[in-house]
Amino acid sequence: MVDYVRAIGERNIPSSGQVLIQTARNGSHEVRMQSLRSLSKVADTKMLGEIVKLLVESENNSERQELERTVFLVSTKEGMEKASTREIVAYLNKIPENEKKSSLIYVLGRIK
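> Before we go on, may I ask you to explain a nonpolar patch on the surface in this structure?
A contiguous nonpolar patch, built from Met-1, Tyr-4 and Val-19 and spanning about 330 Å² of accessible area, is present on the exposed surface. Within the secondary structure layout, Met-1 lies in the segment before helix 1 (2–11). Overall, Met-1 belongs to the exposed group, its relative accessible area being 60%.

> What's the story with unusual backbone geometry in this structure? I'm lost.
With glycine set apart, most residues show a phi of negative sign, and most peptide bonds adopt trans. Backbone geometry at Asn-12 places phi at a positive 50°, although glycine is not the residue there. In this structure Asn-12 comes out as partly exposed when scored by relative accessible area, which is 43%.

> What exactly am I supposed to notice about the pattern of salt bridges here?
If the charged atoms of two oppositely charged side chains come close together, the side chains can form a pair. Throughout the structure, instances matching the rule amount to 7 salt bridges. Across the pair Glu-57 and Lys-53 runs a salt bridge whose closest N-O atoms are separated by 3.9 Å. Note that Glu-57 and Lys-53 are positioned in helix 4 (residues 48–57) at a spacing of 4 residues, about one turn of the helix. Note that Glu-66 is salt-bridged to Arg-69, the shortest N-O span being 3.0 Å. One end of the pair, Glu-66, and the other, Arg-69, are both in helix 5 (residues 61–75), 3 residues apart, so they sit about a helical turn from each other. Judged by its relative accessible area of 12%, Glu-66 falls in the buried class.

> How should I be thinking about the environment of Thr-23 in this particular structure?
By the secondary structure assignment, Thr-23 is in helix 2 (residues 17–26). Residues Thr-23 and Val-2, spaced 21 residues apart in sequence, show a C-alpha to C-alpha distance of 9.7 Å. Among the polar contacts made by the side chain of Thr-23, one reaches the main-chain carbonyl oxygen of Leu-20 at a distance of 3.1 Å.

What counts, and at which threshold
Residues numbered from 1 in each chain as written. Predicted model: local features only at pLDDT ≥ 70, side-chain atom pairs only at ≥ 80, totals over all residues. Heavy atoms only, no water. Patch = residues over 30% accessible without salt bridge, like charges linked within 9 Å, V, L, I, M, F, W, Y side chains within 5 Å. Areas by Shrake-Rupley, 256 points an atom, 1.4 Å probe, with all protein chains shown as cover. Salt bridge = Lys/Arg side-chain N within 4 Å of Asp/Glu carboxyl O. Helix = DSSP H or I, 4+ residues; strand = E, 2+ residues; numbered from the N terminus. Buried < 20%, exposed > 50% of the residue type's maximum accessible area, 1.4 Å probe, protein only. Polar contact = N/O pair within 3.5 Å; in protein donor to acceptor, adjacent residues only side chain to side chain.

Here's what the structure looks like:
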């Protein structure tokens, strides 16, 4: 399964975004991590809300760090930084002070 998910990212198959979201939620740790890496390559800014939701729901520090990277990379695609920032801020207002909120603030600080 990891090889399949990796191939999606390497081949840059944009229509695979929802599949990657599902494998990022339900796969083994290795599959989830590769799904996030592939999402950073194939996802467009329309999927940002779902990716931010993955970050907010994450319980694993290594996955949260990979999600920070993924959110940043997707946020800065297509010159959509301002719209992406609004989406991230909307989630900030919904979650309590914790490491997940810190992750979102970290990502916002990286977006120019």
